[in-house]
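Summary of structural features
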Amino acid sequence: MPSHPTLRHRADADRLLRGLARPPEKAAPWLLGKLLVRRGGRHPVAARIVETEAYLGEGDPAAHVFRGRTPRNAPLFGPPGTVYVYFVYGMHHCLNIAVDREGVPGCVLIRAAEVLGGADGRDTLIGRGPGRLCRVLGLDTRLSGRHLFDPDSPLTLQDGPRPRAVGVAPRVGITKAAERLLRFFDEDSPAVSRR
DNA sequence: GCGACGATACTA
DNA sequence: AGTATCGTCGCT
């Protein structure tokens, strides 16, 4: 077992990468409970993921890559753990994580997370909805294309407490393939979109 | 170069 | 239902 901190972090990243290196419909529920850690500000901010959606790649009419690769969606073709952030409706950013294998553009949209406030964890802020989550974590398109486990990454992933129960529902806000149950959420979280 | 539209979220 | 608000992409 590695005892040096750097080696241990490396081992943690490898384990998380194995979770991400699977098809979106597997990786999306697996991501529930994991912690997004935002660095770059005065203090790191951690947010516990409580709601995700799977986007299946070129065969999924609701996916950004449905009509093929473009400069914007290119990060989705990167290795698992690559960050894809896009801008919608002239005001919101949405965070995605590329999953599966490099060259296979499946991804997971992070729809909600509980931002852990003070050291005591008492004042829990919620980022309900992908737009608000990005606003609360200060994420924008400058992060798109970066990788969660790069040494100096401003956004990383850590292990966290798994949910007691996982709910399944249709994806939010799409018109195509709207019936598919590809949205996953922590049933106990108040931060989940209410729809 | 142009225009339609979107993986949003709030208010009424 | 209405709306704020703009980057992206397909098409001309």
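Now for a look at the structure at hand. (Residues numbered from 1 in each chain as written. Chains lettered and ligands numbered in written order. Predicted model: local features only at pLDDT ≥ 70, side-chain atom pairs only at ≥ 80, totals over all residues. Heavy atoms only, no water.)

Time to look at the overall build of chain A. For chain A, the count of helices and strands is three helices and nine strands. Compactness check: chain A gives a C-alpha radius of gyration of 16 Å against a globular reference of 16 Å for 195 residues, within 12% of the reference. Summarising its shape, the C-alpha atoms of chain A cover approximately 45 × 35 × 30 Å along the three principal directions. Once local pairs closer than 6 in sequence are excluded, the contacts in chain A between residues at least 24 apart make up 56%. (Helix = DSSP H or I, 4+ residues; strand = E, 2+ residues; numbered from the N terminus. Rg over C-alpha atoms; globule rule 2.2 N^0.38 Å. Contact = heavy atoms within 4.5 Å.)

What follows is about the environment of Gly103. Inspection of the secondary structure assignment puts Gly103 in the loop between strand E4 (92-98) and strand E5 (107-116). Beyond its immediate chain neighbours, meaning those up to four positions away, Gly103 contacts Phe77 and Gly78.

What follows covers the protein's contact with DNA strand C. As a structural note, the neighbourhood of DNA strand C is formed by Arg67, Thr70, Arg72, Phe87, Tyr89, Gly90 and Met91. When the atoms of DNA strand C within 4 Å of the protein are grouped by moiety, sugar and phosphate amount to 70% of the total. Thr70 places a side-chain nitrogen or oxygen 2.2 Å from a phosphate oxygen of DNA strand C. The class makeup of the residues in the surface near DNA strand C is three nonpolar, two polar and two charged. (Near = heavy atom within 4 Å. Polar contact = N/O pair within 3.5 Å; in protein donor to acceptor, adjacent residues only side chain to side chain. Nonpolar A, V, L, I, M, F, W, Y, C, P; charged D, E, K, R; others polar.)

As a further point, take the pairing of strand E8 (residues 166-169). A one-sided burial pattern is seen for E8, the buried positions being Gly167 and Ala169 and the unburied ones Val166 and Val168. The pairing of E8 with strand E9 (residues 183-186) spans four bridges and is classified as antiparallel. What sits directly across from Ala169, in E9, is Arg183. (Buried < 20%, exposed > 50% of the residue type's maximum accessible area, 1.4 Å probe, protein only. Pairing = 2+ DSSP bridges.)

The environment of DNA strand B is formed by 17 residues, the closest being Tyr86, Asn96, Gly129, Gly131 and Arg132. Within 4 Å of the protein, the atoms of DNA strand B are drawn from sugar and phosphate moieties in a proportion of 48%. Here a base oxygen of DNA strand B and a side-chain polar atom of His92 are 2.9 Å apart. Separating a phosphate oxygen of DNA strand B from a backbone N or O atom of Pro130 is a distance of 2.9 Å. Looking at the surface near DNA strand B, the elements that each hand over two or more residues are E4, E5 and helix H3 (130-137). Residue classes in the surface near DNA strand B are distributed as eight nonpolar, six polar and three charged.

Here the focus is the pattern of salt bridges. Once their charged atoms are close, side chains differing in charge can pair, the charge on each being opposite to the other. In total, this model carries 11 salt bridges according to the counting rule given. Taking the shortest distance from any N to any O, the salt bridge between Arg15 and Asp159 comes out at 3.3 Å. Of this pair, Arg15 sits in helix H1 (residues 5-20) while Asp159 sits in the loop between strand E7 (155-158) and E8; the two residues are 144 residues apart in sequence, bridging distant segments of the chain. Taking relative accessible area as the criterion, Asp159 reaches 42% and is therefore assigned partly exposed. Among the charged side chains, a salt-bridge network with shared partners connects Glu51, Glu53, Arg111 and Arg183. (Salt bridge = Lys/Arg side-chain N within 4 Å of Asp/Glu carboxyl O.)

Right, let's talk about the packing of aromatic side chains for a bit. Two aromatic rings, taken as a pair, are described by how far apart their centres are and by the angle between their planes. All told, the structure shown has one aromatic pair when counted by the stated rule. When the ring centre of Tyr55 is taken as reference, the NZ or CZ atom of Arg171 above it lies at 4.6 Å. (Phe/Tyr/Trp six-rings, centres within 6.5 Å; stacked < 30°, edge-to-face > 60°. Lys NZ or Arg CZ within 6 Å of the ring centre and 35° of its normal.)

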